[in-house]
Amino acid sequence: MQMVVEKVLDTTKFIDIHTHLFPRAFGKLGLWGIDELLTYHYLEAEFFRSSEMSPEAYFQLSKPKQAEAIWKALFVENSPISEATRGVVAVLRAFGLPTDTPDLREARAFFRKQNLENHVKQTLNLAGVDSVVMTNDPLDPEEQRIWMSGAEPDPRFRSALRLDRILHDWPTQWQQLQALGYAVDAQVSDKSMVEVRRFLASWHQRMAPLYMAVSLPDTFQFPDETICSRILSVAVLPACCELRMPVALMIGVRRQVNPRIRLAGDGVGRADLQALENLCRTYPENRFLVTVLSRENQYELCVLARKFNNLMPFGCWWFLNTPSIVEEISRERIEMLGTSFIPQHSDARVLEQLIYKWRNTRVTMAKVLGDTYRLLARDGRPVHREDIERDVKRLFRGNFQKWTGLA
Ligand code: RAT
Ligand code: ZN
């Protein structure tokens, strides 16, 4: 049975429902190669724990120099045993590159000679995924320019309309919307809300996103007397209903607890999931894809999902994406929700990260599913290969396809 579970997991192509990757047409926004892998912010956070270099000195360096400093501190002077460092080792190995050299010469030479198109194909193949969902921010100036100039879509890279700037930074972003021709104001008036809906509809047409998404702090409340709450309820949720799209809520991030280390400086806090309960109950016509960052919120999320079928838990996000925690959360979800959830997304920012992140997910899920089927068989129900295939397909493809209409 264990071997069948592993085989099915290995041969089923997954859909990666949340990444920060971009296709070739997005130029420099798409990150790949050894220097990008090494300067991943998960590794930067670890670097500052093992190096005497100050963040200020580090951020002054060029990217290749940063990569070299991280390689030296985390891979040469120390054993790369953390999840993020092991990931780089696994990627190097997957491409037949040495994993214990004192410098990056060979790895750099390898990536330099890759043809990007073939490399993307090979990487997706090695990762066992056939589509990845991007994070698309219409108010990011660089991204906006690319979308406006009609970048050629790549069917493997699907879009998700990210709302963080609009929802969290209205006081500085409303003028951007105004400059794009929307009659909005600082006071989030009724007229403004109609205009935000028009903005979302127009970007929906341009991007063809599978869902809208926002990350939310641990302090998130709903309903609330905030601009975020107003835009969410008056513009975003009605727009999602009208456009028949789910909204993804990623709850529990404490942004910039240490601004000195920039992107690596975000933290986590336990959220009050009463807010989510209120949303699911008040908006039965809306569908909520939800991931929570705090380990302490996972059980409540499962209980809520048992109450509301318009709630789909997904992924073990960010700091939770380590084998021990993924195992714990996935067991809990299966025990409470069967196959009615989406176990994981990669959150990859650098193309080749797909390889190790999905490999690790498969290893952990093989353990969890194998144990689950053994319990089921012991209880008296034989488990066939077709059952396992159906379940894996539902978990890693079907649930998302059903919610987003992705073929
Ligand atoms: O996991 C990450 O890389 C974080 O920095 C965030 O991007 C997070 O996943 C998010 O989407 O906000
Ligand atoms: Zn993310």
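A quick note: this is a predicted structure, and the numbers were derived from the prediction, not measured.

What counts and what doesn't
Residues numbered from 1 in each chain as written. Chains lettered and ligands numbered in written order. Predicted model: local features only at pLDDT ≥ 70, side-chain atom pairs only at ≥ 80, totals over all residues. Heavy atoms only, no water. Donors = N, O, S within 2.8 Å, 3.2 Å for Na, K, Ca; no water. Helix = DSSP H or I, 4+ residues; strand = E, 2+ residues; numbered from the N terminus. Near = heavy atom within 4 Å. Polar contact = N/O pair within 3.5 Å; in protein donor to acceptor, adjacent residues only side chain to side chain. Areas by Shrake-Rupley, 256 points an atom, 1.4 Å probe, with all protein chains shown as cover. 1 Å grid on protein atoms, 1.4 Å probe; cavity = no way out; pocket = protein on both sides within 12 Å on 5 of 7 lines; lining within 4 Å. Sits in = over half its atoms within 2 Å of the grid points. Nonpolar A, V, L, I, M, F, W, Y, C, P; charged D, E, K, R; others polar. Salt bridge = Lys/Arg side-chain N within 4 Å of Asp/Glu carboxyl O. Buried < 20%, exposed > 50% of the residue type's maximum accessible area, 1.4 Å probe, protein only. Contact = heavy atoms within 4.5 Å. Phe/Tyr/Trp six-rings, centres within 6.5 Å; stacked < 30°, edge-to-face > 60°. Lys NZ or Arg CZ within 6 Å of the ring centre and 35° of its normal. Axes fitted to C-alpha atoms, helices over the stretch in contact; angles between N-to-C directions. Parallel < 35°, antiparallel > 145°, perpendicular 65-115°, else oblique. Left-handed = near helix turned anticlockwise from the far one by under 90°. Points joined across faces, edges and corners; volume = space filled by probe spheres on them. Core = buried A, V, L, I, M, F, W, Y, C linked by side-chain atoms within 4.5 Å.

### Topic: the coordination of the zinc ion (ligand 2)
- At 2.0 to 2.1 Å from the zinc ion (ligand 2) lie its protein donor atoms, namely His18 (NE2), His20 (NE2) and Asp347 (OD).
- Counting along the primary sequence, the residues that act as donors to the zinc ion (ligand 2) give the motif H-x1-H-x326-D. You can see histidine 18 sitting in the loop between β1 (14-16) and α2 (34-38) and its partner aspartate 347 sitting in the loop between α16 (323-337) and α17 (353-379), a full 329 residues away along the chain.

### Comments concerning the site of ligand 1
- Residues in contact with ligand 1, as listed here, are His18, His20, His41, Tyr42, Arg162, Met250, Arg255, Trp317, Trp318, Asp347 and Arg349.
- Within the side chain of histidine 18, an N or O atom sits 3.2 Å from an oxygen atom of ligand 1.
- One of the side-chain N or O atoms of arginine 255 is found 2.9 Å from an oxygen atom in ligand 1.
- In isolation ligand 1 offers 300 Å² of accessible surface; the protein chains occlude 98% of this area.
- When atom positions are compared with the pocket grids, ligand 1 is found to occupy the largest pocket.
- When grouped by side-chain class, the residues that make up the shell around ligand 1 number four nonpolar, three polar and four charged.

### Comments concerning the pattern of salt bridges
- According to the stated counting rule, one finds 30 salt bridges in the structure shown.
- Measuring nitrogen to oxygen at the nearest pair gives 3.8 Å for the salt bridge that ties aspartate 218 to arginine 254. Of the two residues, aspartate 218 sits in the loop between β4 (209-216) and α13 (227-242) while arginine 254 sits in strand β6 (residues 253-254), which places them 36 residues apart along the sequence.
- Classification of aspartate 218 as buried rests on a relative accessible area of 14%.

### Here we look at the side chain of asparagine 399
- The topology assignment puts asparagine 399 in helix α18 (residues 385-404).
- A distance of 2.9 Å separates the side chain of asparagine 399 from the backbone oxygen of phenylalanine 341, its partner in a polar contact.
- Here arginine 394 takes part through its side chain, which lies 2.9 Å from a polar atom of the side chain of asparagine 399.
- Filtering out sequence-adjacent residues up to four positions away, asparagine 399 remains in contact with Met312, Thr339, Ser340, Phe341, Ile342 and Arg394.

### Comments concerning the packing of aromatic side chains
- Across all of its chains, the model carries 21 aromatic pairs by this definition.
- Among the aromatic residues, those joined into a ring-pair cluster are Phe47, Phe48, Tyr58 and Phe59.
- Of note, arginine 206 hangs over the ring of tryptophan 203, and the distance from its end group to the ring centre comes to 4.4 Å.
- Just above the ring of phenylalanine 14 sits the side chain of arginine 362; from NZ or CZ to the centre is 3.9 Å.

### Structural notes on the packing of helix α8 (residues 116-127) against α17
- Two numbers describe how α8 lies on α17: the axes approach to 8 Å, and their chain directions differ by 10 degrees. Judged by the inter-axis angle, α8 sits roughly parallel to α17. Relative to α17, α8 is oriented so that their crossing is right-handed. Where α8 abuts α17, its residues Thr123, Leu124, Leu126 and Ala127 lie against Leu354, Ile355, Trp358 and Arg362.
- A per-class count over the contact of α8 with α17 returns six nonpolar, one polar and one charged.

### With respect to the layout of surface pockets
- When its volume is computed, the largest pocket comes out at roughly 1100 Å³.
- Lining the largest pocket are 38 residues, with His20, His41, Arg255, Leu263 and Arg349 positioned closest to its centre.
- Put simply, the parts of the chain that give the lining of the largest pocket at least two residues each are α3 (41-50), α5 (63-76), α10 (164-168) and β4.
- Each residue belonging to the lining of the largest pocket can be placed in one class, and the counts come to 14 nonpolar, nine polar and 15 charged.
- Looking at the lining of the second largest pocket, the elements that each hand over two or more residues are α3, α6 (83-94) and α17.
- If you tally residues by element for the lining of the second largest pocket, the top one is α3, at four residues.
- Looking at the lining of the second largest pocket residue by residue, the classes come out as seven nonpolar, four polar and four charged.

### Examining the nonpolar core
- Among the nonpolar cores identified, the biggest contains 83 residues, and Met212, Ile231, Val236, Leu249, Leu311 and Leu354 are the most heavily contacted of them.
- Here this core takes eight residues from α13, the largest share from any one element.
- Discounting chain neighbours no more than four positions away, the residues touching leucine 354 are Asp16, Leu21, Leu124, Ala127, Val129, Val132, Ser346 and Ala348.
- Counting residues in each nonpolar core, the second largest holds 53 residues, with Leu74, Leu104, Ala160 and Val253 among its members.

Everything listed here is a matter of coordinates, which is why it stays silent on function.
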